[in-house]
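Descriptive analysis of the structure
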Amino acid sequence: MSIFVASLWVLVVICVVLFLYTRSDTTASGDASFRSFQLTYLVVYMLAMAGDWLQGPHVYALYQHYGMSTHDIEVLFVAGFGASMIFGTVVGSFADKYGRRANCILYGVLYGLACVTKHFGNFWILMIGRLLGGTATSILYSAFESWLVYEHNKRGFSQDLLGTLFSHATLGNSLVAILAGFVAQFFADSFGFVAPFDVSLTVLAIMCVVIIFTWSENYGDSAVNVRTSFVSAIKSIKSDRKILCLGVIQSLFEGSMYTFVLEWTPALTPVATTASSVASRRLLEEEDVTVEGHRGAIPHGYIFAAFMIAIMIGSSLFKILCRWTSIESFMRPVLFISAVALCTPIVCPGNQLVIFIGFLVFEVCVGLFWPSLGTMRGKYVPEETRATIMNCFRIPLNLIVVIILVQNLRMDLIFKCCVMFLLCACLSQHVLYRLVLQHTSAEQQTSSAGIL
């Protein structure tokens, strides 16, 4: 049994134990109204994420099937991140003026149209699909959360329950990712590489129907135009250092995370230890190292499942840590540990076991990061421009990934950049923690003066 398979089963046991332990301590166990609201959101969110996960595993394979060159495929991927950075920022920000519910439905429409383009082997039609998909991704990571936070606060639920909901969303997302991988593989094997995209289209259509019948509409500030909304968002970021710190943390951590997604395969494959990022991928393709047992191959399915379970472990640890200290406090060591974890390909190049353990630790940190950042955004980002601010944060995030994709950097240099980004995010988190302490201290002094 390989280290990857053995690690997977160990992680499963840890995950189940932590889930049962934290489940018995859920503060909302007797709150029927919260459970109903949570279910309403999670059903839609899981369908939205499933629509995304079903496409991921076979995008590259489909492009190869259509005879696209490696350069053409790289251009298509860069276009997707570029579209998310430019068009997605604008379209995703429509949520504050025209409605978060409507924006979530638009996500399903745009991503569904992107699936339709996969039926054509023409480069420019596929390019349109990448542009649509990149724009939809920005909506996915802003409008859904914006809708949730508004409705959560409107119903009078506590901030602790918001953290619990984000934790459950992170855990469910990982489960959906694993299941979507199996479903996508089954349909690809049975009907061809385009079939998973048809399944995704069906899931997205179901999601839109569920939203129409179960979600109410909410807005940021519907009275202002989009340009004014952007101006207000920039003013909020400049005037409130807590929001600025959150933006830095989100951009740097998620930029490192998306880069990690592109690099973990060559990093764990011995043949790629000294090659550049793009060159290593080409070498892996030429040697066909996708089946365990062939020239240093790695079991991608088991590794991906292990990563997802590690994220689930992180989501359970989030609930445990919240009992003992504030999110602003415990996220400082979490971000530092994530930086140390990504040092393993730099410090121990070629050591598959050490690198894999480091990557698992990083994924646990990812599982802690998602509910933590969502909860902090719920507290500090103003409701009127919530979606707009969140999309502004995605501009540097996508820029980081685009720059790394087009530079053809050595793999060790890429991981050094990620470590640097994560250390800067850790520093920003410490600044945020100090700002919150100062704000809390000032409020206490004001309260004491009022009493006197």
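A brief structural summary. A quick note: this is a predicted structure, and the numbers were derived from the prediction, not measured. (Residues numbered from 1 in each chain as written. Predicted model: local features only at pLDDT ≥ 70, side-chain atom pairs only at ≥ 80, totals over all residues. Heavy atoms only, no water.)

For the protein chain, the helix and strand inventory stands at 18 helices and zero strands. With respect to the principal axes defined by its C-alpha atoms, the protein chain has extents near 75 × 45 × 40 Å. Buried positions account for 55% of the 452 residues belonging to the protein chain. For the protein chain, the exposed area adds up to about 19,000 Å²; of that, 67% sits on carbon and sulfur atoms. (Helix = DSSP H or I, 4+ residues; strand = E, 2+ residues; numbered from the N terminus. Buried < 20%, exposed > 50% of the residue type's maximum accessible area, 1.4 Å probe, protein only. Areas by Shrake-Rupley, 256 points an atom, 1.4 Å probe, with all protein chains shown as cover.)

This part takes up the environment of P349. Positionally, P349 belongs in the loop between helix 15 (344–347) and helix 16 (352–380). Residue classification places P349 among the exposed residues on the basis of a relative accessible area of 53%. Measuring from C-alpha to C-alpha, the distance between P349 and K118 comes to 37 Å, with 231 residues separating the pair along the chain. Not counting residues up to four positions away in its chain, the partners in contact with P349 are T344 and I355. (Contact = heavy atoms within 4.5 Å.)

Next up on the list: the packing of aromatic side chains. Within a pair of aromatic rings, the relevant descriptors are the distance that separates the centres and the angle that separates the planes. On inspection of all chains with the given rule, the structure shows 30 aromatic pairs. With a centroid separation of 5.0 Å and 85 degrees between ring planes, the pair formed by F123 and W124 is classed as edge-to-face. Take W124: its relative accessible area is 59%, and that puts it in the exposed class. Ring geometry for F359 and F415: centres 5.9 Å apart, planes at 20 degrees, overall stacked. Placement of the pair is F359 in helix 16 and F415 in helix 18 (residues 411–451), with a sequence separation of 56 residues. Judged by relative accessible area, which is 0%, F359 ranks as buried. Three or more aromatic residues joined by ring pairs form one cluster here, namely F4, Y141, F253, F260, W264, F307, F356, F359, F362, F369, W370 and F415. It is R130 that lies over the ring of F77; its NZ or CZ is 4.8 Å from the centre. (Phe/Tyr/Trp six-rings, centres within 6.5 Å; stacked < 30°, edge-to-face > 60°. Lys NZ or Arg CZ within 6 Å of the ring centre and 35° of its normal.)

Ranked by size, the top nonpolar core spans 140 residues in total, and within it Y107, F144, F307 and F359 carry the most contacts. If one sorts the elements of this core by residue count, helix 16 sits on top with 13 residues. (Core = buried A, V, L, I, M, F, W, Y, C linked by side-chain atoms within 4.5 Å.)

Under the defined criterion, the tally for this structure stands at ten salt bridges. What you see here is one network of salt bridges that share partners, running through D96, R100, E383 and R386. (Salt bridge = Lys/Arg side-chain N within 4 Å of Asp/Glu carboxyl O.)

What follows covers the side chain of N103. Here N103 lies in helix 5 (residues 100–117). Taking the relative accessible area as the measure of exposure, N103 reaches 3% and is therefore buried. Discounting chain neighbours no more than four positions away, the residues touching N103 are V91, G92, F94, A95, I139 and A143.

The next subject is helix 10 (residues 226–239). Between its first and last C-alpha, helix 10 extends 20 Å over 14 residues, near the 20 Å set by a 1.5 Å rise per residue. For helix 10, the set of buried residues is V226, S229, F230, A233, S236 and I237. An end-on view of helix 10 places all buried positions within 125 degrees of arc, on one side of the element. Turned more than 90 degrees away from the buried face of helix 10 sit R227, K235, K238 and S239, all of them exposed. With a side-chain oxygen positioned 3.2 Å from the backbone nitrogen of R227, the residue opening helix 10 is N225. (Expected span 1.5 Å × (residues − 1). Arc of directions from axis to C-beta. Polar contact = N/O pair within 3.5 Å; in protein donor to acceptor, adjacent residues only side chain to side chain.)

The final tally for this structure, using the stated rule, is zero disulfides. The thiol sulfur of C104 is not disulfide-bonded, and the nearest other cysteine sulfur, from C208, lies at 9.4 Å. Residue class for C104 comes out buried when judged on its relative accessible area of 0%. Sulfur of C424: no disulfide; nearest cysteine sulfur belongs to C426 and is 9.8 Å away. (Disulfide = S-S within 2.5 Å.)

As a further point, take helix 7 (residues 143–154). Helix length check: helix 7 (twelve residues) gives 16 Å between terminal C-alpha atoms against 16 Å at 1.5 Å per residue, within 8%. Of all the twelve residues making up helix 7, nine are buried; the element is thus mostly covered by neighbouring parts of the structure. Taken together, the buried positions of helix 7 are A143, F144, E145, S146, W147, L148, V149, E151 and H152. Positive backbone phi, approximately 80 degrees, marks G156, located one or two places after helix 7.

Let's shift gears to the packing of helix 1 (residues 3–23) against helix 16. The contact between helix 1 and helix 16 brings their axes to 11 Å, and the two run at 30 degrees. It follows from the interaxial angle that helix 1 and helix 16 lie roughly parallel. As helix 1 runs across helix 16, the sense of the crossing is right-handed. Seen from helix 1, the contacting residues are I3, F4, S7 and L11; seen from helix 16, they are Q352, L353, F356 and L360. Residues of the contact of helix 1 with helix 16, tallied by class, amount to six nonpolar, two polar and no charged. (Axes fitted to C-alpha atoms, helices over the stretch in contact; angles between N-to-C directions. Parallel < 35°, antiparallel > 145°, perpendicular 65-115°, else oblique. Left-handed = near helix turned anticlockwise from the far one by under 90°. Nonpolar A, V, L, I, M, F, W, Y, C, P; charged D, E, K, R; others polar.)

In this section: a nonpolar patch on the surface. A cluster of nonpolar side chains, I3, F336, I337, V340, L353, I357, V361 and L423, forms an exposed patch at the surface whose accessible area comes to about 640 Å². Of all the secondary structure elements, the ones that give two or more residues to the nonpolar patch are helix 14 (327–341) and helix 16. Take L353: it is sitting in helix 16. (Patch = residues over 30% accessible without salt bridge, like charges linked within 9 Å, V, L, I, M, F, W, Y side chains within 5 Å.)

Moving on, we come to the packing of helix 2 (residues 32–53) against helix 7. Put simply, helix 2 and helix 7 touch, their axes get as near as 11 Å, and they point 175 degrees apart. Taken together, the axes of helix 2 and helix 7 lie roughly antiparallel to each other. Side by side, helix 2 and helix 7 meet where F34, F37, Y41, V44 and A48 of the first sit next to F144, E145, W147, L148, E151 and H152 of the second. For the contact of helix 2 with helix 7, the residue count by class is eight nonpolar, one polar and two charged.

What follows covers the environment of T170. For T170, the position within the fold is in helix 8 (residues 159–191). When its relative accessible area of 7% is taken as the criterion, T170 is described as buried. For the pair T170 and T137, spaced 33 residues apart in sequence, the C-alpha to C-alpha distance is 17 Å. Non-local contacts of T170, meaning those with residues more than four positions away in its chain, are made with I311, S315, G367, W370 and P371.

It is worth stressing that arrangement in space is one thing and function is another; only the former is reported here.
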